[in-house]
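# Observations on the three-dimensional arrangement
Letter by letter, the chains look like this.
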Amino acid sequence: MERKLIKFLQCPNCSGKFSLKTKNNSGTNVRDGQLFCKCSKYNIKNSLPMILPRKPNNMDEWDDQWNLYSSKIKLWDTDIDEWENNMIKEHLLLNDATELKKKWVLDAGCGPGLVSARLSKYCVGGGLIGVDMSKAAQFAEAHFHSSPRSSKLYNNLHFVQADLLKLPFKSETFDIVYSAGVIHHIEETELAFKNLLR
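Residues numbered from 1 in each chain as written. Predicted model: local features only at pLDDT ≥ 70, side-chain atom pairs only at ≥ 80, totals over all residues. Heavy atoms only, no water.

## So, the layout of surface pockets
Put simply, the test is: Points on a 1 Å grid, built from protein atoms alone, make a cavity when a 1.4 Å probe fits but cannot get out and make a pocket when they are open with protein on both sides within 12 Å along at least 5 of 7 lines; residues with an atom within 4 Å of a point are the lining residues. Grid points are joined across faces, edges and corners, and a volume is the space filled by probe spheres set on the points. Numbering goes from the N terminus for both helices and strands, where a helix is a DSSP run of H or I of at least four residues and a strand is a run of E of at least two. Residues are sorted three ways: Asp, Glu, Lys and Arg are charged, Ala, Val, Leu, Ile, Met, Phe, Trp, Tyr, Cys and Pro are nonpolar, and all the rest, Gly among them, are polar.
Here the second largest pocket is characterised by a volume of approximately 480 Å³. Considering the residues around the second largest pocket, the lining is formed by 23 residues, among which Asn29, Ser47, Glu141, His145 and Ser151 are closest to the centre. Where the lining of the second largest pocket is concerned, the elements lending two or more residues are β2 (29-36), β4 (48-51), α4 (136-144), α5 (148-153) and β7 (157-162). A per-class count over the lining of the second largest pocket returns eight nonpolar, eleven polar and four charged.

Below you can see the structure in the form of structure tokens.
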């Protein structure tokens, strides 16, 4: 976890400010440690903040699905410029990618972070945070920040393992919130929308 991420985070239970206790650092990156407030403690493992105050409904099902499909994922080994342009114009409703400059974007239910990674390169001066409750967030963090080269390439891309019903972000953190193929799977759909809009 990049230290700068802490300014966006808050406890999903009490909305309190987090303090950071580190065990293993590399420059501005916290490899292992804890985020804590007056009511809770959450681990940071392998640079991934794991902010799950309770085990989310259906988490086991999503973890099982992730385990089944993770070995089959091809990580952008083809040219997808057309897909990317459609994503920006049709899903994010932007004229072009330059509108992401200096913006903070939330990819809610990011899975293995494929979309997050593609969009993050346009968030120069801002950043993109991908959130997923499943083990896919662990994969995403490990994959996109596995070496000094990939960490530099994706320096404004961050991942947090969290529940969309208990998001650990301060209000008005994001300029753009994106979610695809996720919200309709959440039993408390209305609550999920409300959390994404704050």
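Structure shown, so let's carry the discussion forward.
## Some details on the sheet that holds β2
Paired through their backbone hydrogen bonds, the strands of a sheet run either parallel or antiparallel. In plain terms, the rule: Whether two strands pair comes down to DSSP finding at least two bridges between them. Angles here are taken between N-to-C directions and fall from 0 to 180 degrees, while the axes themselves are lines fitted to C-alpha atoms, restricted in helices to the stretch in contact. The contact definition used throughout considers only heavy atoms, calling two residues in contact when any of these lie within 4.5 Å.
An order of β1-β2-β3-β4-β7-β6-β5-β8 is seen for the eight strands of this open sheet, with the pairing classed as mixed. Every interior strand has two partners, whereas the edge strands, β1 (19-26) and β8 (176-178), have only one. Here the average twist between neighbouring strands, direction ignored, is 20°. Looking at chain direction, strand β3 (residues 41-45) and β4 are connected through three bridges and run antiparallel. Of the residues in β4, the one forming a bridge with isoleucine 44 is proline 49. Set on the sheet, α4 makes contact with β4, β6 (127-132) and β7; between it and β7 the angle comes to about 160°.

## Observations concerning the side chain of glutamine 10
Here is the rule: What qualifies as a polar contact is a pair of N or O atoms within 3.5 Å, subject to a donor-acceptor requirement within protein and to the restriction that residues adjacent in sequence count only when both atoms come from side chains.
Of note, glutamine 10 is situated in the segment before β1. For glutamine 10, the side chain forms a polar contact with the main-chain oxygen of phenylalanine 169, separated by 3.3 Å. What glutamine 10 contacts, discounting residues up to four positions off in sequence, is Ser15, Gly16, Phe18, Pro168, Phe169, Lys170 and Arg198.

## Observations concerning the pattern of salt bridges
Stated precisely, the cut-off is as follows: Take a side-chain nitrogen of Lys or Arg and a carboxyl oxygen of Asp or Glu: if they are within 4 Å of each other, that pair is a salt bridge. When a residue's accessible area, from a 1.4 Å probe over protein chains only, is under 20% of the maximum for its type it is buried; when over 50% it is exposed; and in between it is partly exposed.
On inspection of all chains with the given rule, the structure shows one salt bridge. The salt bridge involving lysine 194 is made with glutamate 190; its shortest N-O contact spans 3.4 Å. Here lysine 194 pairs with glutamate 190, and both are found in helix α6 (residues 189-197), just four residues apart, close to one helical turn. Both residues of the pair, lysine 194 and glutamate 190, belong to the exposed class.

## Focus on the pairing of β1
In terms of strand pairing, β1 meets β2 through seven bridges, oriented antiparallel. Pairing of asparagine 24 across the sheet is with aspartate 32, part of β2. From the end of β1 to the start of β2, which pair antiparallel, there are two residues, and glycine 27 there has a positive phi angle of about 65°.

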